Amino acid sequence: MAERKADVQAHWTRPGVLARIDAALTELGQDPQILTPEILGTIEHLHSGGLATTREQAKRIALTKDSRVLDVGCGLGGPARYLAHTYGCRVDGIDLTPELIETGRVLTERCKLADRVALRVGNALELPYSRRPSCPAGSSSATTRPNGSATHSAT
Ligand SMILES: C[S@@+](CC[C@H](N)C(=O)[O-])C[C@H]1O[C@@H](n2cnc3c(N)ncnc32)[C@H](O)[C@@H]1O
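Everything numeric in this text was worked out from a predicted model, so none of it was measured. (Residues numbered from 1 in each chain as written. Predicted model: local features only at pLDDT ≥ 70, side-chain atom pairs only at ≥ 80, totals over all residues.)

K.L.:
Tell me about the overall build of the protein, residues and numbers included.
P.N.:
Helix and strand counts for the protein come out as six helices and five strands. Ordered by position from N to C terminus, the α and β elements of the protein give α-α-α-α-β-α-β-α-β-β-β. Relative to its 155 residues, the protein shows a buried fraction of 33%. Here the analysis covers contacts within the protein between residues at least 6 apart in sequence; of these, 63% occur between residues at least 24 apart. (Helix = DSSP H or I, 4+ residues; strand = E, 2+ residues; numbered from the N terminus. Buried ≥ 20, exposed ≤ 12 C-beta atoms within 10 Å, placed from the backbone. Contact = placed C-beta atoms within 7 Å.)

Here it is, written out as structure tokens:
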């Protein structure tokens, strides 16, 4: 199991990814310190279809500002920031790869979304939650997975 975890981390770790994102944004004429999910849209959705797929999946789970989403395998947190920014919901993201989480936290701060998006290193096979996040009656929760698919439940 430890070897598999190391394999996943090695596959997804790109040393210097934040510097490369900053360089790409600068080249595009953006200030890397002042960001929005729209500005980051072309570079931070690490699945096929990119931002368009995130949008389509999000429409299927009827999120509101009272929703609480668990994004399992959140990568850089691009989908997590998109959901929080678009729907006003709270998103907890976990990912096995520390470099992606560290970079994602910086991008979250720069997007001023740290009050609604919390990213942490974690393993989908040993979720660091004793049970699913609690939701007040009338609210909803959703879970997204590393492949970009999503599930939704309402109370
Ligand atoms: C295709 S990327 C998708 C990232 C993100 N969901 C997105 O769409 O931008 C897959 C991610 O899943 C993570 N991952 C793979 N296995 C995992 C596991 N067992 N627990 C947590 N994260 C995992 C990888 O580290 C990688 O960041």
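Once the structure has been displayed, the description carries forward.
K.L.:
Let's hear about the nonpolar core: which residues, and what values?
P.N.:
One finds Leu63, Ala80, Leu83, Ala84, Cys89, Val91 and Val117 to be the most contacted residues of the largest nonpolar core, which totals 24 residues. Listing elements by their share of this core, those giving two or more residues are strand 1 (68-72), helix 5 (78-87), strand 2 (90-95), helix 6 (98-110) and strand 3 (117-121). With five residues, the top contributor of residues to this core is helix 5. For valine 117, the residues in contact, after removing those within four places along its chain, are Gly77, Ala80, Arg81, Ala84, Val91, Gly93 and Thr108. (Core = buried A, V, L, I, M, F, W, Y, C linked by C-beta atoms within 7 Å.)

K.L.:
Summarise unusual backbone geometry; cite the residues concerned and give the values.
P.N.:
At alanine 62, a position not held by glycine, the phi torsion is positive, near 45°. Following the sequence through the fold, alanine 62 ends up in the loop between helix 4 (50-60) and strand 1. Of note in this structure, lysine 112 is not a glycine but carries a positive phi near 55°. Tracing the chain through its elements places lysine 112 in the loop between helix 6 and strand 3.

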